[in-house]
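# Secondary and tertiary structure notes
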Amino acid sequence: MLASYNAQISVYENVSTPGSITSSSFATRIDMDPSLVSNYAEINTEDLDCDGKTDIFFALRDNPDAGRIGVLRNIHSSGANHRWFPFATIEEYNTPVYTLSAVSSGDFDGDGKPDLVSWGSSCGANPVYLFQNISVVGDIRFASAGSLSGASSCGARFQIADLDGDNKLDLVETHRR
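Residues numbered from 1 in each chain as written. Predicted model: local features only at pLDDT ≥ 70, side-chain atom pairs only at ≥ 80, totals over all residues. Heavy atoms only, no water.

### Considerations on the overall build of the protein chain
Summing up its helical and strand segments, the protein chain has zero helices and 12 strands in all. Each helix and strand of the protein chain, ordered N terminal to C terminal, gives the series β-β-β-β-β-β-β-β-β-β-β-β. Per-residue burial for the protein chain yields a buried fraction of 35% across its 177 residues. If you take every contact in the protein chain between residues at least 6 apart in sequence, the share linking residues at least 24 apart comes to 40%. Surface accessibility of the protein chain: about 9600 Å² in total, with carbon and sulfur atoms responsible for 48%. (Helix = DSSP H or I, 4+ residues; strand = E, 2+ residues; numbered from the N terminus. Buried < 20%, exposed > 50% of the residue type's maximum accessible area, 1.4 Å probe, protein only. Contact = heavy atoms within 4.5 Å. Areas by Shrake-Rupley, 256 points an atom, 1.4 Å probe, with all protein chains shown as cover.)

Written out as structure tokens, the structure is:
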């Protein structure tokens, strides 16, 4: 998958042979329907509703006063030979007033469903937001955003990992002082 800020989302399908990667390992680019979404940043993928299909999610950047996460649910039919990738209409989830710069996923509450964490480009109090995944198969849903106390997204980047081996995902943050 390839995307950049305020541009087309495109897919390069992997057609490689197991154990070999060459310049011809990916098919010709497939541009997704541009009406699905515009003005986004930091695209990611994850099976958000646990239906076995990888969905797309991203930070929407079209309004500096209203941070939003966009989600495209994958409705591709298994085994179907499409030269395009079908996705449902975009669903949006609001964050408080900061412009988002990125969104990522991880199962923070241990229920088997990937939750979302987003952060903004604004330097304000608690600009890191957590969304609990309350989806069921075929219906992607997230609870309202809660902020991460003490976090700062001023120039921040986050990674998600279980750093202490307790089977719970931790957030690793870099930021300006």
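### Brief notes about unusual backbone geometry
In this structure, Cys50 is a non-glycine residue whose phi angle is positive, near 60 degrees. Structurally, Cys50 is set in the loop between β3 (40–46) and β4 (55–60). Taking the relative accessible area as the measure of exposure, Cys50 reaches 36% and is therefore partly exposed. The phi torsion at Asn167 lies on the positive side, around 65 degrees, for a residue other than glycine. Inspection of the secondary structure puts Asn167 in the loop between β11 (157–161) and β12 (170–174). What makes Asn167 exposed here is its relative accessible area of 75%.

### Observations concerning the pattern of salt bridges
According to the stated counting rule, one finds three salt bridges in the structure shown. Glu92 is the salt-bridge partner of Arg68, the closest N and O atoms lying 2.6 Å from each other. Note that Arg68 is positioned in strand β5 (residues 68–72) and Glu92 in strand β6 (residues 91–94), a separation of 24 residues in sequence. Among the residues examined, Glu92 registers a relative accessible area of 39% and is labelled partly exposed. With a shortest N-O distance of 3.2 Å, Arg141 and Asp139 are connected by a salt bridge. (Salt bridge = Lys/Arg side-chain N within 4 Å of Asp/Glu carboxyl O.)

### Remarks on the packing of aromatic side chains
Overall, the coordinates contain one aromatic pair when judged by the stated rule. Pairing Tyr93 with Phe142 gives two aromatic rings, centres 5.3 Å apart and planes at 85 degrees, and the pair type is edge-to-face. One end of the pair, Tyr93, is in strand β6; the other, Phe142, is in the loop between β9 (128–131) and β10 (146–147), and 49 residues separate them in sequence. Neither residue differs from the other here; Tyr93 and Phe142 are each classed as buried. (Phe/Tyr/Trp six-rings, centres within 6.5 Å; stacked < 30°, edge-to-face > 60°.)

### A word on the sheet that holds β4
On the basis of which strands lie adjacent, the open sheet formed by four strands has the order β3-β4-β5-β6 and antiparallel pairing. Of all the strands in the sheet, the pair left with one neighbour each is β3 and β6. For this sheet the average axis-to-axis angle between neighbouring strands, irrespective of direction, equals 25 degrees. Both β4 and β5 contribute to a ladder of five bridges, which runs antiparallel. What sits directly across from Phe58, in β5, is Gly70. (Pairing = 2+ DSSP bridges. Axes fitted to C-alpha atoms, helices over the stretch in contact; angles between N-to-C directions.)

### Concerning the side chain of Ser25
Residue position: Ser25 is located in the loop between β1 (10–11) and β2 (30–31). When near neighbours in sequence (up to four residues on either side) are disregarded, Ser25 contacts Glu13, Asn14, Val15, Ser16 and Ser20.

### Regarding a nonpolar patch on the surface
A surface patch of nonpolar side chains, about 300 Å² in accessible area, is lined by Tyr12, Ile21 and Phe26. Along the chain, the position of Phe26 falls in the loop between β1 and β2. The partly exposed category is assigned to Phe26, whose relative accessible area is 39%. (Patch = residues over 30% accessible without salt bridge, like charges linked within 9 Å, V, L, I, M, F, W, Y side chains within 5 Å.)

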